[in-house]
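# A closer look at the structure
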2 protein chains.
Amino acid sequence: MIRTIGIDPGSRFTGYGIVEGDGHNLKYIHHGTIRLPASRSFPERLKMIFEQLGAAISEYKPVSMAVEEVFFAKNVKSALSLGQARGAVLLAGVSAGLTIHEYSALRIKQAVAGYGRASKDQVAGMIQRIFRIDAQIEPNAADALAVALCHLNTHSSNRRWEALNKP
Amino acid sequence: MIRTIGIDPGSRFTGYGIVEGDGHNLKYIHHGTIRLPASRSFPERLKMIFEQLGAAISEYKPVSMAVEEVFFAKNVKSALSLGQARGAVLLAGVSAGLTIHEYSALRIKQAVAGYGRASKDQVAGMIQRIFRIDAQIEPNAADALAVALCHLNTHSSNRRWEALNKP
């Protein structure tokens, strides 16, 4: 079983979700959202992301981190703040010795909903069904669980492929 | 005497410079450039920035960090990478308990060269003269010393103002 933490970075809300699986079984472990008050300075918010993700990593001990690849943003200003939040997220992972994996939005949606044009609500609905979570999941945490699921699928299909191709 | 570390964040080169002053005296302490090999993954580079700045902060013990404010970037892609590097820089400062201060490029150039349209070379030349540094300074480290100087000037003129206005 591989345990992974998926993250949806943001400067107001950073969602995270921890799941494990081996290609046949999928198991939901935990999810949460780090709320970053607008009243705090940007550096303080980065510290909150870094420390709270660090705490979740120490508690749940994932071996890898999965994050959505970003190519677009509304504008340069939002790209800069997203980049800063993302920097704190990646640093929390790499400081704890996790391997870091990035997936495009298209690939994440395909992994979760079967097609790349699924809406945010469809992704969240699928995540609830796949992991049998009854309560509604906060959207950033749902996106974090989606990228974690994408990583488990990719990782276990790579392993199946390697197993099939062993001499 | 206030000791401060100025930083010029970047995903290939991050410059830093440590200076101290009290409004009358300025003293150069140290400068350096963190070179981030393109062969390393982005998360590894963020870790290098965070750890090497952390080491410089422990060694030279500045009480504050000064960083250029950024509003523009060539495009969204470069804003994202700059944002990530900047996130690692701010996190290194706030984790070490430093106060963080941001200054616009205009204000930094005015502080160093007396006018806001000074070229990079003019800023570097002024920095060498002000701090009496003989050897040529790597451009990112020169920019880092410039933002540190801007902070010292602003901080000490604030203090002079407060002193003048004491009842």
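Now for a quick tour of the structure. What you are looking at is a predicted structure, and each value in this text was computed from that prediction instead of being measured. (Residues numbered from 1 in each chain as written. Chains lettered and ligands numbered in written order. Predicted model: local features only at pLDDT ≥ 70, side-chain atom pairs only at ≥ 80, totals over all residues. Heavy atoms only, no water.)

### With respect to the interface of chain B and chain A
Contacts between the two partners involve 24 residues from chain B, matched on the other side by 24 residues from chain A. Both sides of the chain B and chain A interface together cover about 2,000 Å² of buried area, and 81% of this is carbon and sulfur. Inspection of the chain B/chain A interface yields zero salt bridges. One can count four residue pairs in polar contact (both at pLDDT 80 or more) joining chain B with chain A. Listing elements by their share of the side of chain B that touches chain A, those giving two or more residues are helix H1 (42–60) and helix H2 (76–95) of chain B. The biggest single contributor to the side of chain B that touches chain A is H2 of chain B, with 13 residues. Considered class by class, the residues forming the side of chain B that touches chain A number 16 nonpolar, five polar and three charged. (Contact = heavy atoms within 4.5 Å. Buried area = accessible area lost by both parts, 1.4 Å probe. Salt bridge = Lys/Arg side-chain N within 4 Å of Asp/Glu carboxyl O. Polar contact = N/O pair within 3.5 Å; in protein donor to acceptor, adjacent residues only side chain to side chain. Helix = DSSP H or I, 4+ residues; strand = E, 2+ residues; numbered from the N terminus. Nonpolar A, V, L, I, M, F, W, Y, C, P; charged D, E, K, R; others polar.)

### A look at the pattern of salt bridges
Residue and element names in this part refer to chain A. Scanning the entire structure with this criterion turns up eight salt bridges over all chains. Two residues, Glu-102 and Arg-86, come together in a salt bridge whose shortest N-O distance is 2.6 Å. Of this pair, Glu-102 sits in strand S5 (residues 99–103) while Arg-86 sits in helix H2 (residues 76–95), placing them 16 residues apart in sequence.

### Some thoughts on the sheet that holds strand S4 (residues 64–68) of chain B
Residue and element names in this part refer to chain B. Spatial ordering of the open sheet is given by S3-S2-S1-S4-S5, a layout of five strands whose pairing is mixed. Here the strands that pair on one side only, and so sit at the sheet edges, are strand S3 (26–35) and strand S5 (99–103). Adjacent strand axes in the sheet meet at a mean angle of 20 degrees, parallel and antiparallel pairs treated alike. Examined bridge by bridge, strand S1 (residues 2–8) and strand S2 (residues 13–21) share seven bridges and lie antiparallel to one another. Across the sheet, the residue bridging to Thr-4 is Val-19, located in S2. Docked against the sheet, H2 engages S1, S2, S4 and S5, running at close to 165 degrees with respect to S4. (Pairing = 2+ DSSP bridges. Axes fitted to C-alpha atoms, helices over the stretch in contact; angles between N-to-C directions.)

### Observations concerning the layout of surface pockets
Residues and elements named next belong to chain A. In this structure, the largest pocket encloses a volume near 660 Å³. In terms of lining residues, the largest pocket is bounded by 22 residues, among which Asp-8, Glu-68, Leu-82, Lys-120 and Asp-143 are the most central. Put simply, the parts of the chain that give the lining of the largest pocket at least two residues each are H2, helix H3 (105–113), helix H4 (120–130) and helix H5 (139–164). It is H3 that contributes the most residues to the lining of the largest pocket, four residues altogether. Along the lines of polarity and charge, the residues of the lining of the largest pocket split into 10 nonpolar, five polar and seven charged. (1 Å grid on protein atoms, 1.4 Å probe; cavity = no way out; pocket = protein on both sides within 12 Å on 5 of 7 lines; lining within 4 Å. Points joined across faces, edges and corners; volume = space filled by probe spheres on them.)

### Considering the side chain of Asp-143 of chain A
Residues and elements named next belong to chain A. The topology assignment puts Asp-143 in helix H5. With relative accessibility at 16%, the residue Asp-143 sits in the buried group. Side-chain polar atoms of Asp-143 contact the side chain of Lys-120, separated by 2.4 Å. The residues touching Asp-143, leaving out its near neighbours within four places in the chain, are Asp-8, Lys-120 and Val-123. (Buried < 20%, exposed > 50% of the residue type's maximum accessible area, 1.4 Å probe, protein only.)

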